[in-house]
Amino acid sequence: MARPIHPSNLELQALSVLWHEGPSTVATVHETLPDRKDRAYTTVLSVMQSLERKSLVKRALVGRAHVYAAAYSQEVIVQRATHDFLTNAFGGRLGEALLAILSAGTLTPEEKTNIERELQRHKTMAAKKTAKKAAVKAAKKTVKKAPAKKAPAKKAAKKAPAKKAPAKKAPAKKVAKKAAKKATKKVAKSAKKVAKKAAKKVVAKKAAPAKKAAPAKKAAKKAVKKAAPAKKAAPAKKAAKKVVKKAAKKAAKKK
């Protein structure tokens with residue numbers, strides 16, 4: 001909606017009649033102008049026609065009479081005039097303007113109530129604006145003091161290198177079997193060594209009778225028992241026995 005053209009002082013008086021009296025004829029406006037000056041009917045007619053050209057009033061034919069009605073509310077038109085008056089006459093100082101207006105006349109009880117209500121509304125609005133400004137300042141200070149925001153967990157996870165999955169541990173049974181095999185091999189090797197040593201001793205003693213080979217067997221068995229636990233050394237014992245038997249047979253033949 002286009003901004004209305006600012007009316008002259010006399011046009012404002014005519015508009016004030018329409019705002020308070022409602023749609024009126026030129027004769028009614030002529031009789032009710034606020035300044036009560038003696039003016040010709042044609043002067044007021046010219047004013048109403050000027051307001052119509054500015055689109056500030058609307059004219060309608062009611063019977064034989066031409067009736068004029070305000071096209072804008074008093075608040076819309078007066079707001080600009082009030083601002084200009086406040087700036088030009090009082091340098092924008094609202095308090096001085098209010099005091100000057102109040103001293104110009106006497107207020108009715110209804111007008112006093114309306115003014116008090118408006119002052120209270122103005123006070124509330126001013127308090128809200130002050131509170132809003134304080135809140136904005138406090139928020140800005142808080143933002144300045146607050147540490148930089150940490151990257152979301154998802155972004156951090158993307159940037160971080162993917163962790164390698166831990167190698168699957170072999171079942172306990174497999175590990176135990178491997179350990180048992182290693183132990184058995186070690187026992188077998190140690191038993192063979194002991195058996196060879198015992199066999200060499202038997203061979204070295206050529207004069208000894210075949211019966212004495214038995215103690216050598218016993219010595220070999222004891223050595224095998226000392227080298228490893230009884231349960232795990234079962235295969236090694238058998239190997240040792242075979243070696244001892246072979247050594248005894250060789251010794252008997254040589255005799």
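Our subject is the structure listed above.
Position numbers for residues count from 1 along each chain, tracking the sequence in the order it is written. In keeping with the predicted nature of the model, local features appear solely for residues at pLDDT of at least 70, side-chain atom pairs appear and are counted solely at 80 or more, and the whole-chain, interface and lining totals rest on all residues. To get the side-chain values, all heavy atoms of the structure are used, and hydrogens and water are removed first.

A. Geometry of the pattern of salt bridges. A side-chain nitrogen of Lys or Arg and a carboxyl oxygen of Asp or Glu constitute a salt bridge if their distance falls within 4 Å. Applying the stated criterion across every chain yields a total of five salt bridges. For the salt bridge of Glu-52 with Arg-59, the shortest nitrogen-to-oxygen distance reads 3.2 Å. Three labels apply to residues, based on accessible area from a 1.4 Å probe with only protein chains included: buried if under 20% of the type maximum, exposed if over 50%, partly exposed otherwise in between. Judged by its relative accessible area of 27%, Glu-52 falls in the partly exposed class. We classify Arg-59 as partly exposed; its relative accessible area is 42%. Of the charged contacts in the structure, one is a salt bridge between Arg-93 and Glu-96, with a shortest N-O distance of 3.2 Å. Here Arg-93 falls in the partly exposed class, since its relative accessible area comes to 47%.

B. Expanded view of the layout of surface pockets. Only protein atoms enter the 1 Å grid used here. Points where a 1.4 Å probe fits but cannot escape make up a cavity, open sets with protein on both sides within 12 Å along at least five of seven lines make up a pocket, and a residue lines them when an atom lies within 4 Å of a point. Grid points are joined across faces, edges and corners, and a volume is the space filled by probe spheres set on the points. Here the largest pocket defines a volume of roughly 2,000 Å³. As for the largest pocket, its lining consists of 39 residues, and the residues nearest its centre are Val-78, Thr-82, Leu-94, Leu-98 and Ile-101. Numbering of helices and strands runs from the N terminus, with a helix taken as a DSSP run of H or I at least four residues long and a strand as a DSSP run of E at least two residues long. Counting residues per element, the ones that place at least two in the lining of the largest pocket are helix H1 (9-21), helix H4 (74-90), helix H5 (94-103) and helix H6 (109-145). Ranked by residues supplied to the lining of the largest pocket, first place goes to H6 with 10 residues. Lys, Arg, Asp and Glu make up the charged group, whereas Ala, Val, Leu, Ile, Met, Phe, Trp, Tyr, Cys and Pro make up the nonpolar group; the residues left over, Gly among them, are polar. Partitioned by chemical class, the residues of the lining of the largest pocket number 19 nonpolar, 14 polar and six charged.

C. Looking closely at the side chain of Arg-39. Position of Arg-39 among the secondary structure elements: in the loop between helix H2 (26-32) and helix H3 (41-53). By the criterion applied in these results, polar contacts are pairs of N or O atoms within 3.5 Å in which, for protein atoms, one can donate a hydrogen and the other can accept it, and in which residues neighboring in sequence qualify only through two side-chain atoms. At a separation of 2.5 Å, a polar atom in the side chain of Arg-39 contacts the side chain of Asp-35.

D. Structural context of H3. Expected span of a helix: the number of residues minus one, times 1.5 Å. Helix length check: H3 (13 residues) gives 19 Å between terminal C-alpha atoms against 18 Å at 1.5 Å per residue, within 8%. Buried within H3 we find Val-44, Val-47, Met-48, Ser-50 and Leu-51. Viewed end-on, H3 has its buried residues packed into an arc of 155 degrees, placing them on one side of the element. Opposite the packed face of H3, turned more than 90 degrees from it, sit the exposed residues Thr-42 and Arg-53. The inward-facing, buried residues of H3 abut H1, H2, strand E1 (57-62) and strand E2 (65-70). Where H3 terminates, the next one or two residues include Ser-55, which has phi positive at roughly 60 degrees. Relevant arc is that of directions from the helix axis to the C-beta atoms, nothing else. What makes two residues a contact is simply this: any of their non-hydrogen atoms within 4.5 Å.

E. Spatial organisation of the packing of aromatic side chains. The pairing test for Phe, Tyr and Trp rings, Trp by its six-membered ring, is centres within 6.5 Å, and the orientation test on the planes gives stacked under 30 degrees, edge-to-face over 60, and tilted for anything in between. For the structure on display, the rule yields one aromatic pair. Aromatic pair Phe-85 and Phe-90: ring centres 5.5 Å apart, planes at 75 degrees, arrangement edge-to-face. The class for Phe-90 is buried, based on a relative accessible area of 15%.

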